[in-house]
Amino acid sequence: MTAILDTVPRFSEEEAAGLLKDVYGIEGAFSALASERDQNFKVKTPEGAFIFKIVNAAEPVEESDFQTALLQHIQSAAPDLPVPQLLPTLKGEALGVVEGANGATHRLRLVSWIEGTPLAEVPRSEAAMESLGELLGRFNNALKGFMHPGAVRALDWDLRLAGNSRARLDHIRDADDRALAERFIARFEADVLPRLSRLRGGVIHNDANDWNVLVDPEDHTKICGLIDFGDALYSALICEVAIAGAYGALDCDDPLGAIGALAAGFHAQYPLREEEVDLLFDLVAMRLVTSVTISASRQSEVADNPYLAVSEKPAWELLRRLGAMDPRFATAILRNASGFEAMAGSRRVKSWLAKNRRRFAPVLSRPAASYPTAHVPLGDRSDAIAIASAEERPDEAQALWEEAVGDARRILGIGPWGEERGVYTSEIFESRLITGTRRTRHLGLDLFLPAGAALYAPLAGMVKEVGVEAARLGYGAVMVLEHRPEDGPAFLSLWGHLAHEVADRLKVGDRVEAGAFLAHMGGPKENGGWMPHLHLQIACDTTMSADDILGVGETRYLETWGELFPDASDFAGLVAVDAGRLSKAEIVEKRQSLLLPNLSISYEEPIKFVKGEGVWLIDDRGRAYLDCFNNVCHLGHCHPAVVEALARQAATLNTNTRYLHDNIVAYAERLTATMPEELSIAAFVNSGSEANSLALRMMRAHTGRENAIVLDWSYHGTTQELVDLSPYKFRRKGGQGPKPHVHVAELPDAYRAPADWSQEEMAQRFAASVAEQIDTMAAKGEAPGFFIAESIPSVAGQVFMPEGYLDEVYRMVRAAGGLCIADEVQVGFGRIGSHWWAFETQGVVPDIATVGKPIGNGHPMGALVVRREIAESFHNGMEYFNTFGGNPVSCAVGLAVIDTIERDGLRENAAEIGTYLKAGFIELQRRYPLIGDVRGMGLFLGIELVEDRETKVPATATARAICNEARARGVLMGTEGPYDNVLKMRPSMIFSKANADHLLGVLEESFEAVARAD
């Protein structure tokens, strides 16, 4: 570099003016411009302004020709770009030539003056940086395909040679600054340079510093010119952005914002690649390192040249700021600014967590979503809890919280991801990215329960780090797990504010399985001085340590933080919902004005459900209730196989049975295959009520009779003729008693049978009531047309008939010429576990079996399966047609339900979990005298509550209280039976052992709560 400084042209203004006149024929007012190695003059003439350059004699001819060719190419390829236009000499040549006083030859160049204000002289704005990026993108786009031998040259300012700065480190006097520069050089040599050589290259300006960039004097947000092409060369394309970014970010409060805006503008005109943006932060830093080391090495040689120090002070200030930043965070911000995900694969982590949310084991002793939740107001600067927390009075904050919510063991406090908080008052929360700002955005999920609450692993993982932070307002005991699911991306979970014992119990490298106990929440003396809670955070970068994982971030870069550290709510089992536009009160009011007044609502305090997932129903606040009551969603709410089958067929075709379609015969084959061979003909309707009504039509066609035998407290549907067959309806308020053709037999409830009835005679004793009805008809010269019963009476209180009962009754009814109808609407499709249909447990085959409710997993459909001879009787000349019954969509849904039951072994699951639950209920019965009887088969279960086990006086009020206590704890069940004293549970077939344990635990708590209240 010293040699080129020896050949700097040294012409006076008068001499330069003479040269301009002689070579170009132009005269004007001269003023010298600063230059490191050439002489530049601004020339004002009546025709306009120009820059007259006298080139350093040491500049190779090839390089001068390169600049000439570059300007000519731009003029041709992109004449609208605001760059200098090359003017020819009087001889028509691109450059002139002159000999200096020392005999050296200097070339001359005249270009048009670009009007504007140097960026260095105006306040920086991100709008201006974006405008600069757009200009550079257009400029580099115009240079695509351009090349010249002079572009390939060795220049200290070529960022590919930035490692040469190491040789200049000794010239930096301050030891800390020297160490800072050395760190960046080491990163460049190890991580950047090997990748830089593989990136796209091209001819670049290479010096878009703030003196070579011009802004519009009237609008400083618009770049109006790019000048000085003396450093142009062939290099990596991304270096263009890095160099402009290094100078554009000088004196900016938010340098990454400035660089990001520049990159965004460039990307809009000349799309960058991810691998290029990944190096941008380090290349910006290395441009600064190059600048400060060159300046330091030259100061003693040319101390009187102010050009060398023009950017040194702000360059050092910016370099120090960059050195305080985590390069991973900086790169993530720049990637986002350029339209890429913050880190390669980070968005996949977030989507994988959302997709697999239902498979994670609970973080707490029960699923987090099942707790009633309350927001912990750490984001409200005026709230007493927030104030106490900010002033480091955690015990007081906890006391205020407990006062606000009551029983803090039952209420899960939530501190949401992204919340802006005023509690981060310590100096440790000052931003390293943006001058004068604080980190205030919470990047984890906080779950607040009393100290000692147990925590469990939602997903298998390995302990990557575990220890105790001693820092005030740190995490206290903290643990990081690394998760590598087979079907998803690797990620980390950080668990902060734990009790210290975890650091002694778990070691780095330990494997923890899903559902395994991890730790306890720590109190303020262990958790860094906070209210007891878990700080749970996801990190997409598995190279990070606990210290690296940013727990609180800047608002400006919340989008980036959301990709690097996605919300842990899915991982923790919380559910985000759309609450809808109407409040519960508004819905109730509209129901009362728009709907039938006798349309009932469950619970005194109604629940607004907005979502269903498997065994869970989720309300408008995101609370999940374990659904042990709604047996319609047989496979669980919104089962994906059913949803997919419905959507696929609905998007293809839906029509009626007058046209041919595969689905109806395919479903008929599959449904009848689950039945005894005698039941071989299927008919499809839209509900269980329709199925039972159609069964009555078939019965009349076959027998010509009307007389019915039904069981007391039975229910068979909502049409009038079915209400007339349902003592559950006609014997209650609003009912009118039995019609003459309806004969009510005794409910075969073994629990309430007379004490002197032996088990062996129970079936015959109860069947005698049916015989009495037949005899009554016979006495009037009549006979029964049919007997209809649920195979396990449901609304009657989950009543399991004595063994042999149906066999005896069916024999008597058939002997009298009647048909036997099995109502399987509630209990069919494998719910009992051992069989597909509950009538099979009695060893009988009905004449007609009706099905509904679970048949479509929530889709409205029903069916009946009948003996062939009865179907033939129904074929009496009158067409049977049902507009929607048997449509392709419904049949597709029905097929999906049967497929899922068989594929997933759900009958076997019902048997196993049902047996487990029944054993748990019996254990409860040992401890609670209220439980008079436990009955059930598979997942059709009942617990009858009595005031006294001897008298069996129904405990109706207690049953209602138990249901309400369970609801308060997030479990839905019902009460049934003539006395409304039977706890009725019919969970979906996918109910797991964990779900069963949850139910048993809630029942235990509910019985305890009711006992305490008494």
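Looking up the protein in an unreviewed UniProt entry gives the name Hydroxylysine kinase /5-phosphonooxy-L-lysine phospho-lyase apoenzyme, with the organism given as Nitratireductor aquibiodomus. Of the comments in the UniProt record for the protein, the one headed Sequence similarities (unreviewed entry) reads "Belongs to the class-III pyridoxal-phosphate-dependent aminotransferase family." Looking at the Cofactor (unreviewed entry) heading of the UniProt record, one finds this comment for the protein: "pyridoxal 5'-phosphate".

## Observations concerning the overall build of the protein
A tally of regular secondary structure across the protein gives 30 helices and 38 strands. Relative to its length of 1014 residues, the protein is extended, with a C-alpha radius of gyration of 41 Å against a globular reference of 31 Å. Dimensions of the protein, computed from the C-alpha atoms along their principal axes, are close to 145 × 70 × 50 Å. Contacts in the protein between residues at least 24 apart in sequence constitute 74% of all its contacts with a sequence separation of at least 6. Looking at the protein as shown, the accessible area adds up to about 41,600 Å², and 50% of this sits on carbon and sulfur atoms. The averaged location of the 141 negative side-chain charges in the protein is 3 Å from the averaged location of its 100 positive side-chain charges.

## Considerations on the packing of helix H29 (residues 956–968) against helix H30 (residues 993–1013)
Interhelical geometry of H29 versus H30 gives an angle of 125 degrees and a closest axis separation of 9 Å. When the axis of H29 is compared with that of H30, the two are oblique. Classified by chirality, the crossing of H30 by H29 is right-handed. Residues Thr958, Ala961, Ile962, Glu965 and Ala966 of H29 touch H30, and the partners they reach there are Val1002, Leu1003, Ser1006, Phe1007, Ala1009 and Val1010.

## Concerning the nonpolar core
Counting 114 residues, the largest nonpolar core has Leu70, Leu283, Trp561 and Phe565 as the members making the most contacts within it. Excluding residues that lie within four positions of it along the chain, tryptophan 561 makes contacts with Phe329, Ile333, Trp417, Leu433, Leu443, Leu550, Gly553, Glu554 and Pro566. The next biggest cluster of nonpolar side chains, apart from the first, holds 91 residues, and it includes Ile618, Tyr667, Ala863 and Leu941.

## Remarks on the domain arrangement of the protein
Considered domain by domain, the protein is made up of domain 1 (1–112), domain 2 (117–338), domain 3 (346–572), domain 4 (666–885) and domain 5 (906–1013). For domain 1 and domain 3, the distance between their C-alpha centroids amounts to 64 Å.

## Section: the packing of aromatic side chains
What characterises a pair of aromatic rings is the spacing of the ring centres plus the angle enclosed by the ring planes. Scanning the entire structure with this criterion turns up 27 aromatic pairs. Where tyrosine 24 meets phenylalanine 52, the ring centres are 6.1 Å apart and the plane angle is 80 degrees; that geometry is what we call edge-to-face. Here tyrosine 24 is found in helix H2 (residues 13–24), whereas its partner phenylalanine 52 is found in strand E3 (residues 48–54), with 28 residues between them in sequence. When sorted by exposure, tyrosine 24 lands in the same class as phenylalanine 52, which is buried. Measuring from centroid to centroid gives 6.4 Å for phenylalanine 184 and phenylalanine 281, while their planes differ by 55 degrees, and the two rings are tilted. Residue phenylalanine 184 is found in helix H5 (residues 175–196), and its partner phenylalanine 281 is found in helix H9 (residues 280–298); the two are separated by 97 residues along the sequence. For the residue pair phenylalanine 184 and phenylalanine 281, the accessibility class agrees, reading buried in each case.

## Concerning helix H12 (residues 346–355)
Those residues of H12 lying buried are Ser346, Val349, Trp352 and Leu353. End-on view of H12: buried residues confined to an arc of 120 degrees, all on one side of the axis.

## Points about the state of the cysteines
Disulfide: a covalent bond formed between the sulfur atoms of two cysteine residues. As enumerated under the stated definition, the model contains zero disulfides in all. Residue cysteine 628 stays outside any disulfide, its sulfur separated by 10 Å from that of cysteine 963, the closest cysteine. Take cysteine 628: its relative accessible area is 0%, and that puts it in the buried class.

## Here we look at the packing of helix H4 (residues 126–142) against helix H7 (residues 255–269)
Across the interface, H4 lies against H7 with an axial gap of 6 Å and an inter-helix angle of 35 degrees. As for how H4 packs across H7, the hand of that crossing is right-handed. Of the residues in H7, those in contact with Glu126, Met129, Glu130, Leu132, Gly133, Glu134, Leu136, Gly137, Arg138, Asn140 and Asn141 of H4 are Gly257, Ala258, Ala261, Leu262, Gly265, Phe266 and Gln269. When its residues are assigned to classes, the contact of H4 with H7 shows seven nonpolar, seven polar and four charged.

## Some remarks on helix H27 (residues 888–903)
A rise of 1.5 Å per residue sets the reference length of H27, with its 16 residues, at 22 Å; its end C-alpha atoms lie 22 Å apart and thus fit the reference within 8%. Counting buried residues in H27 gives 13 out of 16 residues, a clear majority hidden from the surface. For H27, the N-terminal capping position is held by asparagine 887, with its side-chain oxygen 2.9 Å away from the main-chain nitrogen of valine 889. After H27 finishes, the residue glycine 905 shows a positive phi value of roughly 60 degrees.

## Concerning the pairing of strand E29 (residues 742–745)
Along E29, one buried face is formed by Val742 and Val744 and the opposite face, lined by His743 and Ala745, is buried too. Both strand E28 (residues 708–711) and E29 contribute to a ladder of four bridges, which runs parallel. Along E29, the bridge assignment pairs alanine 708 with valine 742.

Definitions and cut-offs
- Residues numbered from 1 in each chain as written.
- Predicted model: local features only at pLDDT ≥ 70, side-chain atom pairs only at ≥ 80, totals over all residues.
- Heavy atoms only, no water.
- UniProt positions renumbered as here; feature names shortened; annotations may be inferred.
- Helix = DSSP H or I, 4+ residues; strand = E, 2+ residues; numbered from the N terminus.
- Rg over C-alpha atoms; globule rule 2.2 N^0.38 Å.
- Contact = heavy atoms within 4.5 Å.
- Areas by Shrake-Rupley, 256 points an atom, 1.4 Å probe, with all protein chains shown as cover.
- Lys, Arg positive; Asp, Glu negative; His and termini not counted.
- Charge placed at Lys NZ, Arg CZ, Asp CG, Glu CD.
- Axes fitted to C-alpha atoms, helices over the stretch in contact; angles between N-to-C directions.
- Parallel < 35°, antiparallel > 145°, perpendicular 65-115°, else oblique.
- Left-handed = near helix turned anticlockwise from the far one by under 90°.
- Core = buried A, V, L, I, M, F, W, Y, C linked by side-chain atoms within 4.5 Å.
- Buried < 20%, exposed > 50% of the residue type's maximum accessible area, 1.4 Å probe, protein only.
- Domains from an automatic or database assignment.
- Phe/Tyr/Trp six-rings, centres within 6.5 Å; stacked < 30°, edge-to-face > 60°.
- Arc of directions from axis to C-beta.
- Disulfide = S-S within 2.5 Å.
- Nonpolar A, V, L, I, M, F, W, Y, C, P; charged D, E, K, R; others polar.
- Expected span 1.5 Å × (residues − 1).
- Polar contact = N/O pair within 3.5 Å; in protein donor to acceptor, adjacent residues only side chain to side chain.
- Pairing = 2+ DSSP bridges.

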